[in-house]
Structure formats: C-alpha cells, structure tokens
Protein chains: 2
Amino acid sequence: MPNPTAAMLVIGDEILSGRTRDANAYHLAGRLVQVGIDLHEIRVVPDDHAVIVEALRSLSAAFDHVFTSGGIGPTHDDITADAVADAFGVGIDVRDDARALLQAAVGKDRTLTPEHLRMARIPHGADLIANPLSGAPGISIGNVHVMAGVPTIFVAMLDAVLPSLEAGRPVLSRELRFEVGEGRIAAPLRRLAEELSDLSFGSYPFRDGAVYGTNIVVRGTDDALIDQAIERLEAIRRSHP
Amino acid sequence: MPNPTAAMLVIGDEILSGRTRDANAYHLAGRLVQVGIDLHEIRVVPDDHAVIVEALRSLSAAFDHVFTSGGIGPTHDDITADAVADAFGVGIDVRDDARALLQAAVGKDRTLTPEHLRMARIPHGADLIANPLSGAPGISIGNVHVMAGVPTIFVAMLDAVLPSLEAGRPVLSRELRFEVGEGRIAAPLRRLAEELSDLSFGSYPFRDGAVYGTNIVVRGTDDALIDQAIERLEAIRRSHP
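Residues numbered from 1 in each chain as written. Chains lettered and ligands numbered in written order. Predicted model: local features only at pLDDT ≥ 70, side-chain atom pairs only at ≥ 80, totals over all residues. Heavy atoms only, no water.

1. Let's talk about the overall build of chain A
Heads up, the condition is: Under the scheme used here, helices are H or I runs from DSSP no shorter than 4 residues and strands are E runs no shorter than 2 residues, and both carry numbers assigned from the N terminus. The globule rule used for comparison is 2.2 Å times the number of residues to the exponent 0.38, while the radius of gyration itself is calculated over C-alpha atoms. Three labels apply to residues, based on accessible area from a 1.4 Å probe with only protein chains included: buried if under 20% of the type maximum, exposed if over 50%, partly exposed otherwise in between. Every residue pair with non-hydrogen atoms within 4.5 Å of one another is taken to be in contact.
When its secondary structure is counted, chain A shows nine helices and eleven strands. Taken over C-alpha atoms, the radius of gyration comes to 22 Å for chain A, far larger than the 18 Å a tight globule of 241 residues would show. Considered along the principal axes of its C-alpha atoms, chain A spans approximately 75 × 40 × 35 Å. A total of 241 residues make up chain A; the buried ones form 51% of that total. Looking at chain A alone, contacts between residues at least 24 apart form 69% of all its contacts between residues at least 6 apart.

Here you go:
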C-alpha cells in the first residue's frame, strides 16, 4: 500500500506580499513525514474567494488530504469558511457547539459580538477542530482540514487532527556528508539511485568555509534498504576523496 | 495600468519532505513588492518531470512572469531544464556560451566532466542568467525565469533578472499596532476597507506578554491614500482603547 497523499493550501496575502515568512507549511511537512503521509504540493494563494474555491476543489480531488492554514478569524480578510462551503456546495451558519466554544473562550459573562459569531459560522456537515489557545475552532469537511494561520494555533490544531487520519509508513531518512562538489559524485550517485529505485536520493550542495561539499540524503520506508544505501555511499566517499 | 503579475514555482523534494525550509519564495515576495510586480501564487512541487511541466504550462499561461527555484545543477535530481524545454515544446542541447561559463568557473586547465556539461544544456531559444557564484547559469525563456535553489545563488540570479523586466508601481505598506484583539476593531476596520477599496488591509493578531493585540497593515500604490488610511486608523485606535 502506498502512503496516503496530501497537499497544503496556505491562504495569505501576507505571505505573497513578503510581510510574513510562512512557517506552517514547513511544520506540516515535518509532521507528515513522521506519520507516513506524503506531501505532494504546497500552494500559497491570496485572500480571494474564487481563487480559494478553485484551489480547494482541484487539490481535494487530486490528493487524499488537504490541509489549509490562514483566513480564519474575525476580520474582513477571513474568508476561508465561506470558500470551503462553496467548494463543497453546502450552506454555512452559526452553529451552537462552535458558539459555545467561543463563549467559553471569552468568558461566560461577556456577550459575543457579531465578529465573535463570524468565527462560529461552520459549513454544514463539518467537524470542529479544537483550538486550545483562542477558542475559534478549525473545521474538517470531507478530506479538507481548515486550520488557523497563527503558527502556535496551527501547531495545536494539527496535533488534534493528525491522530484521526489514516496514516502510512513513516518516511525515514539518513544523510551523508561529502567534502567534494556534487559534480564529482553525480555519476556513481545516479547509478546507485537507479539500482535502489525504492529509495529517493537528494543531493544538497553546501559551502563551509573553503569547502564546497555535498550532503546526500536517502529517504524511504525500508530501514534495512536505507542502511544498505548508506554503506554503498560510504564506499563511494572512500573512492572519491 | 495594473501591475504585472507573477507566480513562483519551487521545485524541491527537500521542501516537501520537511528537510529544508524554503527561503527563496520569501525573498522573491519581498523583492517583487519593491519593483511593483504582484505575486499571485507560490507553488511547491516535487522533483517530478510531468508535474513540473504541467505547473510551468498552467502558471506561465495564467501570469505575466513565472520564477522558478531549484532543480538545476549536475545531479540526478536536477530536471528543471528538460521540463522547461518540454513545457515550451523546444529542444535542448549543450550550448557553447553556457559551456564557456562553466569552463571559466572550474578553471581553464580542467576538463569539463559529463556532469559539468549537463549544466550547459540550454533549451533552444533561451537566454542565460548569470551565476556569479558557481558558473552554472540560469535560463529565461518566454515568461519563465529558471534559477538555482541554493539561496545565495537564487538571490544573485534574481538581481540579474529583475532589471530586465517591465515593472509596475511599487507596493507601499504601513502598519499600525492596536493593543486590542482583532474582534474589537473588526467592524470599523471592515467599513474603512470598503470605503478605501483601492487599498488592501491586513489584520495580524499577536500576543506580546499579557497583551493580545492586532497589527493592521495597509498596502497600496498611492502614498497619499495610505497616509489617509493611517489617520483614520489612528482615530479608530483612539476610540477603542
């Protein structure tokens, strides 16, 4: 069985305008490797309803899971819940369980404002994702998991979602440092990658003071095969000093 | 005249596997704001020929410019040049001017290896992008600009490419700090954003010790209009202590 597949959709003018460096896609990528879900695409789009709907439709059709970050919250630029409802062709309304979560977060003696209630609007048929930090829940509907853009909240929501998903075999990786440029070892490396085609080989040049070197990363789900690849790489390293 | 549009295509298993946190899209976003090119999408895809070809075709049809990073270099996982040739339906061969750049980079007394020559393969009709750091050039063909994934080289190649592109009006931004949560100011903020619809307003919650606050960012190309928006925001801040 191949691992389940996934895409990440980042909703954020603030990323595209260069104001903010995305942290959530990087966090998600690391977590999915641990649980054996293969991340195939990351897409960053603006806070634009039609663009978000189209991206949700195409990514949810192409992959087993879609994780989104951003565009939920009380302000004018928070439009993800409506886009999700449109993408799935369902209605959206304030829901009692979501309202109760917000009421608990603001304190039971405070009246919820219209802006609070915007955060309790939930597409019909969605499940809520708990938000232990600020109340406003994320949502899961179909294969789409909608989470907050604030990194601490994104991390907490992802922790709440991942255990409920069917996982695959964790992808393991090992890395070997070569103190030669990648051109010097490209030929034997290509032959090894062709021979051990169940593994993936990545080659990452680096510069460390006067040394131009290359880190070779081997990835796969079979630990013994990765060990075998590392032994073969060590032999290549000995013969290319 | 609206500003030209752009997309970024990041080619990199290392990003999708969580090994590396992308730096190039963040750098590009900041530079494009300065020159007045509007970044509409960032897409990260694996080192997969068919996926790269499809992404190049759809992004180059949808936007005025496409910038790519990653997948150029001498190793087995460097497949961008072939994908670009296929996306544009042109051939690809080692070209003399590219070979000369590599010869200069390795020193005129060394023989170029087959791996060096892979980096001199250029799609027919492309222009070269200078690589002052390690010789292997990037390429521009049609509206696609293919650059290295190593961040220092990406930065240098982008500096070489940007002056040749038709630019728009730089996007200016100013930011105002509110020491109240975004729910408190969402309603007047939405009204202001509707009234000054030539500007974009972003709302970014933060937590600073015991303070839950909100940074409001105003963006646009008209400096005077941004000043006017900031004055109005300051009035909102005074009335929502």
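2. So, the relation of the copies chain B and chain A
The line we're drawing: For the least-squares superposition of copies, only C-alpha atoms count, and only for residues with pLDDT at least 70 in both.
Note on the identical chains: chain B maps onto chain A by a rotation of 180° and an axial translation of 0.0 Å, with an RMSD of 0.0 Å. A rotation of that kind, with that shift, is consistent with a two-fold axis. Scanning chain B for the C-alpha nearest the rotation axis identifies Arg43(B), at a separation of 2.2 Å. Interface residue correspondence from chain B to chain A reaches 100%, placing this contact among same-surface, isologous pairings.

3. Looking at the interface of chain B and chain A
What counts here: By convention, the term buried area covers the 1.4 Å-probe accessible surface removed from two parts as they join, with the contributions of both added. For this document, the term salt bridge refers to a Lys or Arg side-chain nitrogen within 4 Å of an Asp or Glu carboxyl oxygen.
Residue-level contacts link 47 residues of chain B with 47 residues of chain A. When chain B packs against chain A, the two sides together hide about 4,100 Å² of surface, and 55% of this comes from carbon and sulfur. The tally of links from chain B across to chain A stands at four salt bridges. In this structure, Arg19(B) engages Glu175(A) in a salt bridge whose closest nitrogen and oxygen atoms are separated by 2.8 Å.

4. A closer look at the sheet that holds strand β10 (residues 200–208) of chain B
Residue and element names in this part refer to chain B. This is how it is decided: What makes two strands pair is DSSP finding at least two bridges between them. A fitted line through C-alpha atoms serves as each axis, taken over the contacting stretch for helices, and the angle formed by two N-to-C directions is quoted from 0 to 180°.
Ordered by their spatial adjacency, three strands build an open sheet running β9-β11-β10, and the pairing between neighbours is antiparallel. On the outer flanks of this sheet lie β9 (172–178) and β10, each paired with one strand and no other. On average, each strand axis in the sheet is tilted by 20° relative to the strand beside it, whichever way the strands run. Packing against the sheet, helix α8 (residues 182–195) makes contact with β9, β10 and β11 (211–220), and its axis sits at approximately 165° to β10.

5. Things to note about the domain arrangement of chain A
Quick note on the threshold: These domain boundaries are the output of an automatic or database domain assignment.
Split by domain assignment, chain A resolves into domain 1 (5–164) and domain 2 (172–239). Domain 1 of chain A and domain 2 of chain A are separated by 38 Å when their C-alpha centres are compared.

6. What to know about the environment of Ser164(A)
All names here are of chain A. To keep things clear, this is the line we draw: Each polar contact in these results corresponds to two N or O atoms within 3.5 Å; when the atoms are within protein, one needs to be able to donate a hydrogen and the other to accept it, and residues that are neighboring in sequence are counted only if both atoms are side-chain atoms.
If you trace the backbone, Ser164 turns up in the loop between α7 (151–161) and β9 (172–178). Given a relative accessible area of 58%, Ser164 falls into the exposed group. Separated by 2.6 Å, the side chain of Ser164 and the backbone oxygen of Val161 make a polar contact.

7. Details of empty space enclosed by the protein
Put simply, the rule reads: The way it works is a 1 Å grid over only the protein atoms, where trapped points that fit a 1.4 Å probe form a cavity and open points with protein on both sides within 12 Å along at least five of seven lines form a pocket, and then any residue with an atom within 4 Å of a point lines it. Grid points are joined across faces, edges and corners, and a volume is the space filled by probe spheres set on the points. Residues are grouped as follows: Ala, Val, Leu, Ile, Met, Phe, Trp, Tyr, Cys and Pro are nonpolar; Asp, Glu, Lys and Arg are charged; every other residue, Gly included, is polar.
According to the stated counting rule, one finds three cavities of 30 Å³ or more in the structure shown. Approximately 240 Å³ is the volume attributed to the largest cavity. In terms of lining, the largest cavity is formed by 19 residues, of which the most central are Asp22(A), Ala25(A), Asp22(B), Ala25(B) and Val44(B). When contributions to the lining of the largest cavity are tallied by element, the ones reaching two or more residues are α2 (24–35) and β2 (38–45) of chain A together with α2 (24–35) and β2 (38–45) of chain B. No other element matches the three residues that α2(A) contributes to the lining of the largest cavity. Taken together, the residues of the lining of the largest cavity sort by class into 13 nonpolar, two polar and four charged.

8. Observations concerning the packing of aromatic side chains
Centre distance and the angle of the planes are the two values used to describe a pair of aromatic rings. Note the threshold: Think of it this way: a Phe, Tyr or Trp ring, Trp meaning its six-membered ring, pairs with another when their centres are within 6.5 Å, and the plane angle makes it stacked under 30 degrees, edge-to-face over 60, tilted otherwise. Distance and angle both matter: a charge sits over a ring if NZ of Lys or CZ of Arg is within 6 Å of the ring centre and within 35 degrees of the ring normal.
Considering all chains together, one arrives at zero aromatic pairs over all chains under this definition. Over the ring of Tyr204(A) we find Arg19(B); its NZ or CZ atom is 4.1 Å from the centre of that ring.

9. Examining the nonpolar core
Quick reminder of the rule: The term nonpolar core refers to a set of buried residues drawn from Ala, Val, Leu, Ile, Met, Phe, Trp, Tyr and Cys, joined through side-chain atoms within 4.5 Å.
Residues Phe67(A) and Phe67(B) are the most contacted members of the largest nonpolar core, which totals 48 residues. When neighbours within four sequence positions are excluded, Phe67(B) is seen to be in contact with Ala6(B), Ala7(B), Met8(B), Leu9(B), Leu28(B), Leu32(B), His145(B), Met147(B), Leu158(B), Val161(B), Leu162(B) and Leu165(B).

10. Side note on helix α4 (residues 80–88) of chain A
For α4(A), the complete set of buried residues consists of Thr80(A), Ala81(A), Ala83(A), Val84(A), Ala85(A) and Ala87(A). Taken from the residues just after α4(A), Gly89(A) is the one with a positive phi, measuring 65°.

11. Examining the pattern of salt bridges
In the structure shown here, the tally under the stated rule is 22 salt bridges over all chains. Notably, a salt bridge pairs Glu179(A) with Arg177(A), separated by 3.0 Å at the nearest N-O pair. Residue classification places Glu179(A) among the exposed residues on the basis of a relative accessible area of 52%. Using a relative accessible area of 33% as the deciding quantity, one classes Arg177(A) as partly exposed. With a shortest N-O distance of 3.9 Å, Asp96(B) and Arg99(B) are connected by a salt bridge. Of this pair, Asp96(B) and Arg99(B) both sit in helix α5 (residues 96–106), three residues apart, roughly one helical turn. On the accessibility criterion, Asp96(B) (60% relative accessible area) is exposed.

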